Amino acid sequence: ERRAVRAEGLLCFLNRSQCNLKRQQFKASKRDADQAIAIDPDSMKALFRRGMSSLGLGEWQLANKDLEKCYLASNKTNKIALKGLKQAREKCKEIDMKEREIFKGAFVEATNKNDNDNDKDKDNKEEEEEEEER
């Protein structure tokens with residue numbers, strides 16, 4: 001009887017997640033998918049729905065993780081999961097490139113500051129040595 005209740009609960013959360021997904025209520029859809037995953041962590045439907053909801057919410061890394069798992073579990077036949085996976089990966093790449101550009105600028109700025117500080121230290125050391133020689 002306990003299994004039947006869990007199975008019914010799983011179906012309810014999966015169905016409601018799908019309904020919310022269709023209505024583009026991504027937060028509610030993800031919440032229901034999370035509940036379904038809590039009942040059955042191996043539910044590919046729940047992972048797929050959470051992945052698609054995460055896409056809608058702009059949570060690219062979670063979408064990538066969930067959709068990749070679904071796609072691989074389907075023996076690479078789930079074309080919708082693949083399409084979402086490609087979209088999530090592309091967004092992750094874009095974010096990575098932007099972060100690299102931002103940090104590259106910060107790194108160059110920090111390197112230049114260190115070089116300037118090193119030059120000042122070198123100049124000060126040379127001045128001290130000249131004074132000692134006098």
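All of these numbers come straight from a predicted model, not from anything done at the bench.

Participant: How should I be thinking about the overall build of the protein in this particular structure?
Facilitator: Of the regular secondary structure elements, the protein holds 5 helices and 0 strands. Sequence-ordered secondary structure for the protein, helices as α and strands as β, is α-α-α-α-α. Here the protein, with 134 residues, has 28% of them falling under the buried criterion. Of the contacts formed within the protein by residues at least 6 apart in sequence, a portion of 47% connects residues at least 24 apart. Accessible surface, the protein as shown: approximately 10,300 Å² in total, 49% of it carbon and sulfur.

Participant: Looking at this structure, how should I read the packing of helix α2 (residues 26-39) against helix α3 (residues 44-57)?
Facilitator: Packed helix pairs are characterised by how far apart their axes lie and by the angle those axes make with each other. α3 packs onto α2 with a crossing angle of 155° between their chain directions and a minimal axis gap of 8 Å. Classified by the interaxial angle, the pair formed by α2 and α3 is roughly antiparallel. In this structure, the crossing between α2 and α3 has a hand that is left-handed. For the pair α2 and α3, the contacting residues are Phe26, Lys27, Ser29, Lys30, Ala33, Asp34, Ala36 and Ile37 in the first and Ala46, Leu47, Arg49, Arg50, Met52, Ser53, Ser54, Gly56 and Leu57 in the second. Class assignment for the residues of the contact of α2 with α3 results in 8 nonpolar, 4 polar and 5 charged.

Participant: Hey, could you run me through the nonpolar core in this one?
Facilitator: Looking at soluble globular proteins, one finds that nonpolar side chains tend to be buried together. The biggest cluster of nonpolar side chains holds 19 residues, and the ones touching the most others in it are Phe48, Met52, Leu55, Leu67 and Ala81. Contributing elements (two or more residues each) for this core: α1 (2-22), α2, α3, α4 (60-73) and α5 (79-133). Ignoring sequence-local partners within four residues, the contact set of Met52 consists of Leu21, Phe26, Leu67 and Ile80.

Participant: Mind showing me how you'd approach the environment of Gln18 here?
Facilitator: Among the secondary structure elements, Gln18 is positioned in helix α1. Given the relative accessible area of 24%, Gln18 is considered partly exposed. For Gln18 and Ser29, which are 11 residues apart along the polypeptide, the C-alpha to C-alpha distance reads 6.7 Å.

Participant: When you look at unusual backbone geometry in this model, what are you seeing that I'm missing?
Facilitator: Excluding glycine, residues mostly have negative phi values, and the peptide bonds linking residues are mostly trans. Even without a glycine there, the phi angle at Gln24 is positive, about 60°. Its place among the elements puts Gln24 in the loop between α1 and α2. The backbone of Asn75 shows a phi angle near 60°, a positive value even though the residue is not glycine. Inspection of the secondary structure assignment puts Asn75 in the loop between α4 and α5. The class of Asn75 is exposed, set by a relative accessible area of 65%.

Participant: Any chance you could explain α2 here in plain terms?
Facilitator: Look at α2: 20 Å from first C-alpha to last across 14 residues, which is about the 20 Å you get at 1.5 Å a residue. Along α2, the positions that sit buried rather than exposed are Ala28, Ser29, Lys30, Asp32, Ala33, Ala36, Ile37 and Ile39. If you follow the buried residues of α2, they end up packed against α1, α3 and α4.

Participant: Teacher, can you tell me more about the packing of α1 against α3 here?
Facilitator: With their axes 10 Å apart at the nearest point, α1 and α3 run at an angle of 25° to one another. Between α1 and α3, the angle is such that the two are roughly parallel. Between α1 and α3 lies a crossing whose hand is left-handed. Across from Leu14, Asn15, Ser17, Gln18 and Leu21 in α1, the residues of α3 making contact are Lys45, Ala46, Arg49, Met52 and Ser53. By residue class, the composition of the contact of α1 with α3 is 4 nonpolar, 4 polar and 2 charged.

Each value, and the rule that gives it
- Residues numbered from 1 in each chain as written.
- Predicted model: local features only at pLDDT ≥ 70, side-chain atom pairs only at ≥ 80, totals over all residues.
- Heavy atoms only, no water.
- Helix = DSSP H or I, 4+ residues; strand = E, 2+ residues; numbered from the N terminus.
- Buried < 20%, exposed > 50% of the residue type's maximum accessible area, 1.4 Å probe, protein only.
- Contact = heavy atoms within 4.5 Å.
- Areas by Shrake-Rupley, 256 points an atom, 1.4 Å probe, with all protein chains shown as cover.
- Axes fitted to C-alpha atoms, helices over the stretch in contact; angles between N-to-C directions.
- Parallel < 35°, antiparallel > 145°, perpendicular 65-115°, else oblique.
- Left-handed = near helix turned anticlockwise from the far one by under 90°.
- Nonpolar A, V, L, I, M, F, W, Y, C, P; charged D, E, K, R; others polar.
- Core = buried A, V, L, I, M, F, W, Y, C linked by side-chain atoms within 4.5 Å.
- Expected span 1.5 Å × (residues − 1).

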